[in-house]
Amino acid sequence: MNKKLILLALFLGVTLTACGGSGSSTKPQVENNNLSDSDKDTSTDSSTGSGAITAKINPIQSVYTGSTVRLVGTSSIVPAISSVDWSIIEKPDNSSAKIANNSSLMSEFVADIAGTYQIQLIIKSGSTESIATASVSISDKPIEPKNHAPTAVITPFEEKVGKNKQVTLSGKNSSDPDGDNIYYKWQVTSANNALDFFLANPEGQSAGFEGRDYGIFTISLTVHDGKAYSETVTKQIEVYDDRPELIASFDAPETAEVNEFINLDAKDSMQYNFATPMFSFDSIPATSKVTLAYTMSYISFFIPDVAGEYKVRFTLKDRNSDRTESVVKTITVSEKQSDAGKTAISFSSDQNAPPALNVLPSPLLNTFTLSEQLFYAEVQEPEGAQVELSWKWLNRPANSQADIIAETGSRARVRFDVAGFYILQVAASDGENTTKRFVAIKVEDPDNSAPTIIDVEMFGNKIKGSNLTLKAHAYDKETDPITYTWLVLLPNGRVASIGNETSDTAILPLVSSGNYQVLVYAKDDIAPYSSHKRITFIVE
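Residues numbered from 1 in each chain as written. Predicted model: local features only at pLDDT ≥ 70, side-chain atom pairs only at ≥ 80, totals over all residues. Heavy atoms only, no water.

Caption draft 1: Spatial organisation of the overall build of the chain. A tally of regular secondary structure across the chain gives one helix and 33 strands. Going through the 540 residues of the chain one by one, you find that 40% of them count as buried. In the chain, the proportion of contacts linking residues at least 24 apart, taken out of those at least 6 apart, comes to 59%. Here the chain has roughly 29700 Å² of accessible surface; of this, 49% comes from carbon and sulfur atoms. (Helix = DSSP H or I, 4+ residues; strand = E, 2+ residues; numbered from the N terminus. Buried < 20%, exposed > 50% of the residue type's maximum accessible area, 1.4 Å probe, protein only. Contact = heavy atoms within 4.5 Å. Areas by Shrake-Rupley, 256 points an atom, 1.4 Å probe, with all protein chains shown as cover.)

So, in structure tokens, the structure goes:
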């Protein structure tokens with residue numbers, strides 16, 4: 001080759017290099033940084049002595065309209081002295097979206113209209129710049145179907161039931177307008193939270209209710225579909241007292257005289273096998289030592305020993321609960337008879353004296369069925385007038401046919417046919433005045449004897465606020481099993497049960513000061529009567 005041509009070629013190469021063939025250029029170099037996954041940018045990267053520069057937009061998350069779009073350019077390579085410029089170069093028609101801070105590497109804008117937004121980031125340093133672009137698609141938020149709350153419905157049920165009767169509660173007619181599954185919640189409330197009840201399957205479509213106490217209960221049902229709760233619906237159920245009413249009543253005279261036989265007859269009271277009858281004194285004259293012949297019975301009597309007022313109470317006590325019903329009568333006893341034709345105890349010498357009358361055996365008699373008993377009347381007439389005797393029953397068991405056979409003179413004979421309580425009256429009359437005497441006879445079945453209470457032990461201090469332990473010791477001739485009933489007459493005059501009927505031991509809380517009377521009855525469930533023992537004491 002010609003030397004002149006070779007030198008010319010070398011000269012031209014040096015000239016082209018000096019003019020920028022491998023140096024900086026005013027035309028930007030674009031790097032695609034926004035491929036299909038929107039994670040690339042487009043930039044012009046021109047290098048100078050000051051170092052490299054690269055604009056890069058981090059992936060942009062697609063959002064729904066009305067949301068904020070985050071713009072992050074912190075992955076860019078930015079020289080010390082440079083400028084940052086964000087811009088939206090393309091957006092949907094009618095969009096007014098603006099970048100909040102276009103000169104910071106981290107910025108944002110609110111996507112107001114659905115569509116595609118083209119974002120551009122330009123980083124400049126001197127005459128060098130780098131450009132990155134990214135696009136983000138904004139869509140309208142889908143409208144979720146509106147949820148509707150379900151409706152709770154309690155299927156009608158029996159709204160008045162007896163104690164311990166189970167009632168089925170059903171919510172099967174409850175519904176959800178969206179067809180969602182329904183979940184159930186049953187609850188029971190009452191005006192008195194102490195009312196006892198049992199609720200079975202409280203989260204089932206059907207539940208079971210059992211009232212274990214008397215009162216008004218409120219049944220409530222709430223249903224939910226996993227998103228919303230229904231309004232709570234309620235129904236009331238009354239657990240009523242289906243036990244027969246306790247009706248206590250007894251007959252007794254309003255007036256009497258000292259040493260007169262006073263009969264107490266409560267046979268007209270409602271007699272139930274779950275109720276215990278009991279006679280007691282509310283008060284007696286201060287100097288009186290009188291006691292009742294029978295306390296746990298519908299028939300009793302007493303003979304007043306001093307004049308004054310005797311207040312007698314008859315109580316029916318429900319053995320299965322604290323229910324009691326009682327009635328009190330006052331009997332006024334005087335030293336002489338009333339003006340109703342009865343003979344006076346004291347009389348003047350110019351008056352006709354009543355016959356003096358006594359009857360044997362004593363006023364209290366125990367015997368057995370099929371036995372015969374002879375009764376004697378001893379009569380004295382002060383004026384020597386003729387005296388007429390008469391015998392009659394004041395009380396005998398309902399199924400008894402026993403007759404009184406009056407014999408010559410002053411005798412009467414009786415054959416007792418059934419077990420029970422008998423009261424025999426004999427009257428002596430001189431034509432003007434009449435004297436009466438009574439005999440009470442308890443007749444038992446000879447095939448079985450009632451248990452006998454030998455003693456009652458007390459353990460503890462008779463001090464208000466403490467407990468007293470009572471233990472009965474009883475003997476049964478036939479060694480039959482013995483059951484016990486414990487009753488207490490409290491200082492306020494009320495009767496309460498204590499202990500357990502199958503136990504010979506009871507615990508008595510001494511809740512107040514005053515006089516206490518405890519009665520314990522022993523029965524073998526074969527003999528027609530039970531024996532009893534009374535303990536009286538004072539609590540300080």
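Caption draft 2: The pairing of strand 16 (residues 299-302), seen in detail. The side-chain alternation of strand 16 yields two buried faces, one formed by Ile299 and Phe301 and the other by Ser300 and Phe302. Alignment of strand 14 (residues 262-265) against strand 16, held across four bridges, turns out to be antiparallel. Following the sheet pairing, Asp265 is matched in strand 16 by Ile299. (Pairing = 2+ DSSP bridges.)

Caption draft 3: Broad picture of the sheet that holds strand 20 (residues 364-368). With mixed pairing, the four strands of this open sheet are ordered in space as 20-26-25-22. Two strands close off the open sheet at either side, each with one partner strand: strand 20 and strand 22 (388-395). Neighbour-to-neighbour, the strand axes of this sheet turn through a mean angle of 25°, independent of strand direction. Inspection of the sheet shows strand 25 (residues 420-429) paired to strand 26 (residues 434-444) by ten bridges, in the antiparallel sense. Its bridge partner being in strand 26, Phe421 is matched across the sheet by Lys442. (Axes fitted to C-alpha atoms, helices over the stretch in contact; angles between N-to-C directions.)

Caption draft 4: Region of the structure containing the pattern of salt bridges. Under the definition given, this model contains twelve salt bridges. A salt bridge links Lys165 to Glu158; the shortest N-O distance between them is 3.1 Å. A relative accessible area of 38% places Lys165 in the partly exposed class. Close ionic contact of Lys267 with Asp265 constitutes a salt bridge, the shortest N to O distance being 4.0 Å. Overall, the relative accessible area of 37% leaves Lys267 in the partly exposed class. Judged by relative accessible area, Asp265 falls into the buried class, the value being 18%. Through salt bridges that share partners, Glu372, Arg413 and Arg415 make up one connected network. (Salt bridge = Lys/Arg side-chain N within 4 Å of Asp/Glu carboxyl O.)

Caption draft 5: Main features of the sheet that holds strand 17 (residues 308-318). In spatial order, the strands read 13-18-17-15; together these four strands make up an open sheet with mixed pairing. Whereas interior strands pair on both sides, the edge strands pair on one side only; in this sheet they are strand 13 (255-257) and strand 15 (275-283). If you compare each strand with its neighbour and ignore which way they point, the axes differ by 30° on average. One ladder, built from eight bridges, connects strand 15 with strand 17; its direction is antiparallel. Pairing of Thr276 across the sheet is with Lys317, part of strand 17.

Caption draft 6: Examining the nonpolar core more closely. Among the nonpolar cores identified, the biggest contains 23 residues, and Leu264, Phe279, Phe302, Val312, Phe314 and Ile331 are the most heavily contacted of them. Among the secondary structure elements, those contributing two or more residues to this core are strand 14, strand 15, strand 17 and strand 18 (324-334). Counting residues per element, this core draws most heavily on strand 17, which supplies four residues. Not counting residues within four places of it along the chain, the set of residues in contact with Ile331 comprises Ala252, Pro253, Glu254, Thr255, Ala256, Ile262, Leu264, Phe302, Gly308, Glu309, Tyr310 and Val312. (Core = buried A, V, L, I, M, F, W, Y, C linked by side-chain atoms within 4.5 Å.)

Caption draft 7: Seen up close, unusual backbone geometry. Here Asn94, not a glycine, exhibits a phi torsion of approximately 70°, which is positive. For Asn94, a relative accessible area of 75% gives the class exposed. At Asn259, a residue that is not glycine, the phi angle is positive and equals roughly 70°. Summarising the element assignment, Asn259 is placed in the loop between strand 13 and strand 14.

Caption draft 8: Inspection of the environment of Thr54 at higher detail. Along the chain, Thr54 turns up in the loop between helix 1 (3-18) and strand 1 (68-72). Distance in space between the C-alpha atoms of Thr54 and Ser75 is 8.9 Å, their sequence separation being 21 residues.

Caption draft 9: Quick look at the pairing of strand 26. Most of strand 26 is tucked away, with eight of its eleven residues classed as buried. Summarising the sheet, strand 20 and strand 26 pair through five bridges and their orientation is parallel. Counterpart to Phe368 in the pairing with strand 26 is Glu444. Here strand 25 hands over to strand 26 after four residues, with Gly431 in that stretch at a positive phi of 100°.

Caption draft 10: Summary view of the environment of Val443. Tracing the backbone shows Val443 in strand 26. Given the relative accessible area of 0%, Val443 is considered buried. In the structure, Val443 is positioned 22 residues away from Phe421 in sequence and 6.3 Å away in space, judged by C-alpha atoms.

Caption draft 11: Structural context of the confidence of the model for the chain. Per-chain confidence: the chain averages 81 in pLDDT, with 84% of residues scoring 70 or above. In this model residues 338-349 is a low-confidence stretch, pLDDT under 50, and it forms 18 contacts with partners more than four residues away in sequence or in other chains. (pLDDT = per-residue confidence, 0-100.)

Caption draft 12: Structural context of the environment of Val333. By secondary structure assignment, the location of Val333 is in strand 18. Residue Val333 is classed as buried on the basis of its relative accessible area, which comes to 4%. Beyond its immediate stretch of four places on either side in the chain, Val333 contacts Ala256, Glu257, Val258, Ile262, Pro304, Val306, Ala307, Gly308 and Tyr310.

Caption draft 13: Molecular detail of the packing of aromatic side chains. In the structure shown here, the tally under the stated rule is 16 aromatic pairs. The rings of Phe250, Phe279, Tyr298 and Phe314 are connected pair by pair, giving a single aromatic cluster. Across from the ring centre of Tyr240, 5.5 Å away, lies the NZ or CZ of Lys160, which sits over that ring. Seen from the ring of Phe250, Lys329 lies directly overhead, with NZ or CZ sitting 5.2 Å from the centre. (Phe/Tyr/Trp six-rings, centres within 6.5 Å; stacked < 30°, edge-to-face > 60°. Lys NZ or Arg CZ within 6 Å of the ring centre and 35° of its normal.)

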